[in-house]
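# Summary of structural features
If you want the building blocks of each chain, they are given just below.
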Amino acid sequence: MFKCSPFPAWDAFFFVMFLLFCLVAFVHEPLFYFYCGWDGLRHDSCTNRTIAAIWKGYAQYDRVYFDMPLWMALLVGFDTFLLSPFYVYSLYALATGRVDTPLYRAVAYSTCGAMIYAMVLYLTWEVLEADRYASALGPVIGYNIPWGIMPLLLIIRLYRGSRLQGLRLSHA
């Protein structure tokens, strides 16, 4: 699958990460929206006990989910509705060897920049408000950091891929 890639191991890593991101964006988060809603944990009004238990398990560490500010609800919702098409496109590009095309690079650079910005904002706020919400920063950072680190690594990988293409073209 990644044979035509100059970085097959890295591309396999990114493929697995985008599968994980798709699982979260298409299953984990929508189940929360549909069965609990933003006030479901606060009022213990989730309509599905299993979904409530999963999210309450996470909210025990990230207690802001019991009283989420609107800006954070929007940020989390954007992951599902705005970033999920990029996750799917990335899976396609990685699987078909199109990750080093100018189109994918353009989309990935801008989307990865947005993902990094969102994670810096989110995690900075979590650190600054940890005492107020009694959040456990270790698990919160551990769970969320892949959405900041992986896009940074993808930018580096795409840059290296573009340099290799540039070297090949200059030697041709």
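Described below are features of the structure shown in this document. Within each chain, residue numbers correspond to sequence positions counted from 1 in written order. Restriction of local features to residues with pLDDT of at least 70 applies here, the model being predicted, together with a cutoff of 80 or more for giving and counting side-chain atom pairs; totals for whole chains, interfaces and linings are based on all residues. Side-chain metrics rest on all non-hydrogen atoms present in the structure, leaving aside hydrogens and water.

## Overview of the packing of aromatic side chains
- For this analysis, a ring pair means two rings from Phe, Tyr or Trp (six-membered ring only for Trp) whose centres lie within 6.5 Å, classed as stacked if their planes differ by under 30 degrees, edge-to-face if by over 60, and tilted for the remaining angles. Following the criterion strictly, the structure yields 21 aromatic pairs and no others.
- Ring geometry for Trp71 and Trp125: centres 5.4 Å apart, planes at 80 degrees, overall edge-to-face. Pair noted here: Trp71 is in helix α3 (residues 70-96) and Trp125 is in helix α4 (residues 102-128), with a separation of 54 residues, a long-range link.
- Of the residues examined, Trp71 reaches a relative accessible area of 29% and is grouped as partly exposed.
- Here's how the labels work: a residue is buried when its accessible area is under 20% of the maximum for its type, exposed when over 50%, partly exposed in between, all with a 1.4 Å probe on protein chains only. Among the residues examined, Trp125 registers a relative accessible area of 16% and is labelled buried.
- Residues Tyr143 and Trp147 carry aromatic rings whose centres are separated by 5.9 Å and whose planes lie at 35 degrees to one another, so their mutual orientation is tilted. Numbering of helices and strands runs from the N terminus, with a helix taken as a DSSP run of H or I at least four residues long and a strand as a DSSP run of E at least two residues long.

## Overview of the nonpolar core
- Judged by nonpolar contacts, the single largest core of 48 residues is most densely connected at Phe18, Tyr65, Phe86, Tyr87, Tyr104 and Leu154.
- Listed by contribution, the elements that provide at least two residues to this core are α1 (8-35), α2 (49-59), α3, α4 and α7 (146-171). To qualify as a nonpolar core, a set must consist of buried Ala, Val, Leu, Ile, Met, Phe, Trp, Tyr and Cys residues joined through side-chain atoms within 4.5 Å.

## Examining the side chain of Asp62
- Residue position: Asp62 is located in the loop between α2 and α3.
- Summary of buried charges: Asp62 has no salt-bridge partner, and the nearest side chain of opposite charge, Arg63, is 8.8 Å away.
- For this analysis, a polar contact is any N or O atom pair within 3.5 Å, provided that within protein one partner can donate a hydrogen and the other can accept it, and provided that sequence-adjacent residues contribute only side-chain to side-chain pairs. Only 2.9 Å separates the side chain of Asp62 from the side chain of Tyr58, close enough to count as a polar contact.
- A polar contact is formed between the side chain of Asp62 and the side chain of Tyr122, at a distance of 2.8 Å.
- Not counting the four nearest positions on each side in its chain, Asp62 is found in contact with Tyr122, Glu126, Ser135 and Val140. Working convention for charge: Lys and Arg count positive, Asp and Glu count negative, and His plus the chain ends are omitted. What counts as a salt bridge is simple: a side-chain nitrogen of Lys or Arg found within 4 Å of a carboxyl oxygen of Asp or Glu. Throughout, a contact is declared for two residues whenever any of their heavy atoms are within 4.5 Å.

## Regarding the state of the cysteines
- Put simply, a disulfide is two cysteine sulfurs that come within 2.5 Å. Counted according to the given criterion, the structure contains 1 disulfide.
- The disulfide bridge from Cys36 ends at Cys46, spanning 2.1 Å between sulfur atoms. Given an S-S torsion of about 115 degrees, the disulfide between Cys36 and Cys46 has right-handed geometry. Of this pair, Cys36 sits in the loop between α1 and α2 while Cys46 sits in the loop between α1 and α2, and the two are 10 residues apart along the sequence. The pair formed by Cys36 and Cys46 is uniform in burial state, with each residue classed as buried.
- Sulfur of Cys22: no disulfide; nearest cysteine sulfur belongs to Cys112 and is 14 Å away.

## Notes on α1
- Each residue after the first adds 1.5 Å to the expected span of a helix. Over its 28 residues, α1 runs 39 Å from end to end, which matches the ideal 40 Å to within 8%, given 1.5 Å per residue.
- Consider a residue and the seven residues that end there alongside the seven that start there; fitting an axis to each set, the bend is the angle between those axes. Taking the largest bend as the criterion, α1 deviates by roughly 35 degrees, centred on Val24.

## Quick word on the packing of α1 against α3
- Angles here are taken between N-to-C directions and fall from 0 to 180 degrees, while the axes themselves are lines fitted to C-alpha atoms, restricted in helices to the stretch in contact. Their axes nearest at 9 Å, the elements α1 and α3 cross at an angle of 150 degrees. Viewed along their axes, α1 and α3 adopt a mutual orientation that is roughly antiparallel. Note that α1 runs across α3; the crossing there is left-handed.
- Of the residues assigned to the contact of α1 with α3, the class counts are 19 nonpolar, 4 polar and 3 charged. Here is the rule for angles: anything less than 35 degrees is roughly parallel, anything more than 145 is roughly antiparallel, 65 through 115 is roughly perpendicular, and the remaining ranges are oblique. Should the near helix be turned anticlockwise from the far one by less than a right angle, the crossing is termed left-handed; should it be turned clockwise, right-handed. Just so you know the grouping, Ala, Val, Leu, Ile, Met, Phe, Trp, Tyr, Cys and Pro go in nonpolar, Asp, Glu, Lys and Arg go in charged, and all remaining residues, Gly too, go in polar.

## Section: the side chain of Ser84
- With respect to the secondary-structure elements, Ser84 resides in helix α3.
- A distance of 2.4 Å separates a polar side-chain atom of Ser84 from the backbone oxygen of Thr80.
- Leave out the neighbours within four places in its chain, and Ser84 touches Ala25, Phe26 and Asp79.

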